[in-house]
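Descriptive structure summary
Given next are the chains, with one letter for each unit.
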Amino acid sequence: VKCQLYPPQRALQASAVLRRVSDEQKKEPLASSSQQQFDSHPTDHQPEKEPQGPRPSYTGQGGQESEDYESEEQLQHRILTAALEFVPEHGWTAEAIAEGAKALGLSVAAAGMFHSDGSELILHFVSQCNTKLSELLEQEQKLVQLGKAEKKPTDQFLRDAVEARLRMLIPYIEKWPQAVSILLLPHNIPSSLNLLTSMIDDIWQYAGDQSTDFNWYTRRAVLTGIYNTTELVMMQDSSPDFEETWRFLENRVADAMNMGNTANQVQSTGEAVVQGLMGAAVTVSN
Amino acid sequence: PAGGASLRLCSTRVTLEGINKPVIDRIIRVDHAGEYGANRIYAGQMAILGRSSVGPIIQQMWNQEKDHLKKFNELMVAYRVRPTVLLPFWNVAGFVLGAGSALLGKKGAMACTVAVEESISDHYNSQIRTLMEEDPEKYKELLQIIKQFRDDEREHHDIGLEHDAEAAPAYSVLKTAIQLGCKAAIFLSERI
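Note that this is a predicted model, so its numbers are computed, not measured.

**A look at the overall build of chain B**
- Scanning chain B from terminus to terminus reveals six helices and zero strands.
- By the compact-globule yardstick of 16 Å for 192 residues, chain B fits well, its C-alpha radius of gyration being 17 Å.
- Based on the C-alpha atoms only, the size of chain B along its principal axes is roughly 50 × 35 × 30 Å.
- In chain B, of all internal contacts separated by at least 6 residues, the share reaching a separation of at least 24 is 83%.
- Surface exposure of chain B reaches about 9,000 Å², of which carbon and sulfur atoms provide 57%.
- The distance from the centre of the 23 positive side-chain charges to the centre of the 24 negative ones in chain B is 5 Å.

Okay, structure coming up:
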């Protein structure tokens, strides 16, 4: 799921400031790009430096582009990823982003590209964690398909998936309450809700959910509840390796499974009662 | 999990790359809701007219709708589409419509069938147009399915006419009202 980054409103100014104040050589400004409304100076001036992610292939565009051309969005991703290292110290703030930019060899003012409340940094982090979780689940599924691993029962699967996802918060757990409160700000709610729902949908997808009726909603609602409450517990947990949290998670998942069973029982009891009544009606009418 | 899928597609999850997800989402969601509703309508009709002379015919049409629903269940899982929230509502509304029209008599039930099936065939036709405009090659499988179903619904429509649907009490009023309801149902199920 792509994290929605804010449009580069201050980009024109910021990009000019992105140039490093030093004796590095600057590449030619790029002639055309459909994604940007300004000249972008590639920041990756060292050819041996590995790109963080896949580069778009801008081949055949007049041959003016250098090989290290990256889009604005990729640059932002790189800065945010680098900034995560500084979150335990600075929190989810513009300071962390500035430090991240500095670590990449960019001007500190690059943080001006982003909102001052650190929203994009948090959304970027959440999006990254969700992607990691999807990859993890995909790999597990491949192992099961190849017969190299046992298929887990549903409750075990959900527990493991939620635990794996929440463990990604551990390095940042001190500052995570701050992040949650920022994600609940009105202007962030659409994005954070989107990320949450697609993560939950992913987990159910890999858990093998094939419901096409209202259960689709019930299951996702229940799992969202489990995830959110466990996250809250985790933020207040001081036990070694968060064992209280995992125990809480286990209990909640067990509750959810029981709820499912109870619902089935109620339904079959109801059906039996109806059948009994119909039988009685037929008897009486005869 | 993938594996053991009874689909003609090669895995439970079709490749979701490169398809116009919002458009396909809507199409599958509303079609699934439609077949689900049709199922419930015939169920309602059978509850009243099951033992009458038109019982076998309604049963036959109902069986075909069951097949349609099964197919859309599979497509829904394959394309990872969310079902409409209104399913419980269509459950009740469909049954009530079917039973209600059947209480007007056999012709009433047939009139309901004609109205609904006409709406559904028009709706499938516009979906076929949409998919053809998008990319007939990419959506070949889906197009084939929808075309087949459209033909089935057309057949139901014709069966309804054959069984004196037009002689039903207040036929034109009934037909208009039902078709209006179908339009609303389609509009809502596409979105929520």
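**Things to note about the UniProt feature "domain: COQ9 C-terminal" (unreviewed entry) in chain A**
- Sequence positions flagged by UniProt for "domain: COQ9 C-terminal" (unreviewed entry) are, in local numbering, residues 189-260 of chain A.
- Measuring from the first to the last C-alpha atom of residues 189-260 of chain A gives 30 Å, for a span that is 81% helix and 0% strand.

**Overview of the interface of chain B and chain A**
- Across the boundary between the two partners, chain B contributes 17 residues, which contact 15 residues of chain A.
- Interface area, chain B with chain A, both sides summed: about 1,300 Å², of which 54% is carbon and sulfur.
- Where chain B packs against chain A, one counts two salt bridges.
- Counting across the interface, chain B meets chain A through seven residue pairs in polar contact (both at pLDDT 80 or more).
- Of all the secondary-structure elements, those providing two or more residues to the side of chain B that touches chain A are α2 (55-78) and α3 (87-103) of chain B.
- Ranked by the residues each element gives to the side of chain B that touches chain A, the list is headed by α2 of chain B, at three residues.
- For the side of chain B that touches chain A, the residue count by class is ten nonpolar, four polar and three charged.

**Topic: the domain arrangement of chain A**
Residue and element names in this part refer to chain A.
- Splitting chain A by domain gives domain 1 (72-116) and domain 2 (119-264).
- A straight line from the C-alpha centre of domain 1 to that of domain 2 covers 27 Å.
- Each partner contributes to the interface: domain 1 provides 15 residues, whereas domain 2 provides 14 residues.
- Interface area, domain 1 with domain 2, both sides summed: about 1,300 Å², of which 69% is carbon and sulfur.
- Summed over the shared surface of domain 1 and domain 2, the result is zero salt bridges.
- At the boundary of domain 1 with domain 2, the tally comes to five residue pairs in polar contact (both at pLDDT 80 or more).
- Put simply, the parts of the chain that give the side of domain 1 that touches domain 2 at least two residues each are α2 (72-83), α3 (87-90) and α4 (94-103).

**What to know about α2 of chain B**
- The end-to-end C-alpha separation of α2 of chain B is 35 Å, in line with the 34 Å expected for 24 residues at 1.5 Å each.
- Backbone geometry just downstream of α2 of chain B places R80 of chain B in the positive-phi region, at approximately 55 degrees.

**What to know about the packing of aromatic side chains**
- Across all of its chains, the model carries nine aromatic pairs over all chains by this definition.
- With a centroid separation of 5.6 Å and an interplanar angle of 70 degrees, the aromatic rings of F125 of chain A and W176 of chain A are classed as edge-to-face. You can see F125 of chain A sitting in helix α5 (residues 119-145) and its partner W176 of chain A sitting in helix α7 (residues 176-183), a full 51 residues away along the chain.
- Cluster of aromatic residues (ring-pair linked, three or more members): W92, F125, Y172 and W176 of chain A.
- The ring centre of W204 of chain A lies 5.5 Å from the NZ or CZ of R219 of chain A, which sits over that ring.
- Sitting above the plane of the W62 of chain B ring, K66 of chain B keeps its charged end 4.1 Å from the centroid.

Basis of the calculations
Residues numbered from 1 in each chain as written. Chains lettered and ligands numbered in written order. Predicted model: local features only at pLDDT ≥ 70, side-chain atom pairs only at ≥ 80, totals over all residues. Heavy atoms only, no water. Helix = DSSP H or I, 4+ residues; strand = E, 2+ residues; numbered from the N terminus. Rg over C-alpha atoms; globule rule 2.2 N^0.38 Å. Contact = heavy atoms within 4.5 Å. Areas by Shrake-Rupley, 256 points an atom, 1.4 Å probe, with all protein chains shown as cover. Lys, Arg positive; Asp, Glu negative; His and termini not counted. Charge placed at Lys NZ, Arg CZ, Asp CG, Glu CD. UniProt positions renumbered as here; feature names shortened; annotations may be inferred. Buried area = accessible area lost by both parts, 1.4 Å probe. Salt bridge = Lys/Arg side-chain N within 4 Å of Asp/Glu carboxyl O. Polar contact = N/O pair within 3.5 Å; in protein donor to acceptor, adjacent residues only side chain to side chain. Nonpolar A, V, L, I, M, F, W, Y, C, P; charged D, E, K, R; others polar. Domains from an automatic or database assignment. Expected span 1.5 Å × (residues − 1). Phe/Tyr/Trp six-rings, centres within 6.5 Å; stacked < 30°, edge-to-face > 60°. Lys NZ or Arg CZ within 6 Å of the ring centre and 35° of its normal.

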